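Spelled out from the first residue to the last, the chains are:
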Amino acid sequence: MSLTVIAQRIGTTSFQRLVTGLVLSSLLVGCSSTRSSDVRVVDRNNAAAQRPAVTTGQYVVRRGDTLFSIAFRYGWDYKALAARNNIPTPYTIHPGQTIRFDGRSGSTPTEVVTQSGATDSSSSKFTVTRRPASGASPAKETAAPSVANKPAPAPLPPAGPAPTGWGWPSNGILIGKFSSNGSLNKGIDIAGDLGQPVLAASDGTVVYAGSGLRGYGELVIIKHSDTYVSAYGHNRRLLVREGQQVKVGQTIAEMGSTGTDRVKLHFEIRRQGKPVDPLQFLPRR
């Protein structure tokens, strides 16, 4: 049926309204299809978001903790945290030991009280100072305290040069980029297949291999120098142990989905404890 016949049957005014509606519908469909390809997909289940460095309170060492993992969890450079707590190299710590973030003495006897039903050690563990002999009321501090009234952080030595010869930790599509804004992604995310090799990005020493850091799943941390460390999260299986020397390109783990909702590698580079964009160090591809 021609448009002329349709116009004659429904009237001129109704016909004009019909044509206008069809044109608007076409424009809306076109805009929708054009913009859909530009929509940014946000992984709201990104468990690797990090809080700012904790500078008050204290943490009681648990079995499986290392100074490197505690420093990584709370945003510290491991050397500064060791200096603040008078821990000499090789930075050996023990379960029950108090690690302070505020510079106070950690010699006061303490006990640990855990809230029932809590799962995150940083929110469920409280350090309670025992009542002194004078009978004064004990002070209480949380293991993940607020950042109010922060004391001056321990001074850090100048940053050393970055390791040379960085390589990509895995082959795959880049699905998440670094963001320094607030608590967003502090590294990059690379998609892949279950069991795909995860490679050391540079020469170094494994300083942590385990699943004790919530949100990272099975995690490997490699120390490359006194300034730089790299982290590899969400693995299915770890193939290295703490203290092991690794070379760039060496397989250190198998890609997995522990601590997240899909198979991927979460990769971070930290300079003096602070996350930096890994894409500044990795070769272009």
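Just so it is clear, the structure is predicted and the values come from calculations on it, not from any experiment.

**Student:** Lay out the pairing of strand S13 (residues 251–255) with the relevant residues and their values.
**Tutor:** In terms of burial, S13 is largely enclosed, as 4 of its 5 residues are buried. The sheet contact formed by strand S8 (residues 197–199) and S13 spans 3 bridges and is antiparallel. What sits directly across from Val198, in S13, is Ala253. As paired elements, strand S11 (residues 228–238) and S13 share 3 bridges and run antiparallel to each other.

**Student:** Explain the packing of aromatic side chains to me, and be specific about the residues and the numbers.
**Tutor:** Scanning the entire structure with this criterion turns up 10 aromatic pairs. When the ring of Tyr78 is compared with that of Tyr91, the centres are 5.6 Å apart and the planes differ by 75°; the resulting orientation is edge-to-face. Remark: Tyr91 occurs in the loop between helix H4 (78–84) and strand S2 (98–100) and Tyr78 occurs in helix H4; sequence separation between them is 13 residues. A residue is classified by how much of its surface remains accessible, and Tyr78, at 5% relative accessible area, is buried. The buried category is assigned to Tyr91, whose relative accessible area is 17%. Site record: aromatic cluster; members linked through ring pairs are Tyr59, Tyr74, Trp76 and Phe101. Lying across the ring of Phe72, Arg270 places its NZ or CZ 3.7 Å from the centre. Here Arg285 stacks its cationic end above the ring of Trp168, 3.7 Å away from the centre of that ring.

**Student:** Quick one: what's the story with the nonpolar core, residue by residue and with numbers?
**Tutor:** Core analysis: the biggest nonpolar cluster contains 27 residues, and Ile70, Leu81, Phe101 and Ile221 have the highest contact counts within it. Only helix H3 (67–73), H4, strand S9 (204–210), strand S10 (218–223) and S11 provide two or more residues apiece to this core. Looking at this core element by element, the count peaks at 5 residues for H3. Each of domain 1 (58–100) and domain 2 (173–280) gives at least three residues to this core. The next biggest cluster of nonpolar side chains, apart from the first, holds 23 residues, and it includes Ala201, Val206, Val240 and Ile269.

Definitions and cut-offs
Residues numbered from 1 in each chain as written. Predicted model: local features only at pLDDT ≥ 70, side-chain atom pairs only at ≥ 80, totals over all residues. Heavy atoms only, no water. Buried < 20%, exposed > 50% of the residue type's maximum accessible area, 1.4 Å probe, protein only. Helix = DSSP H or I, 4+ residues; strand = E, 2+ residues; numbered from the N terminus. Pairing = 2+ DSSP bridges. Phe/Tyr/Trp six-rings, centres within 6.5 Å; stacked < 30°, edge-to-face > 60°. Lys NZ or Arg CZ within 6 Å of the ring centre and 35° of its normal. Core = buried A, V, L, I, M, F, W, Y, C linked by side-chain atoms within 4.5 Å. Domains from an automatic or database assignment.

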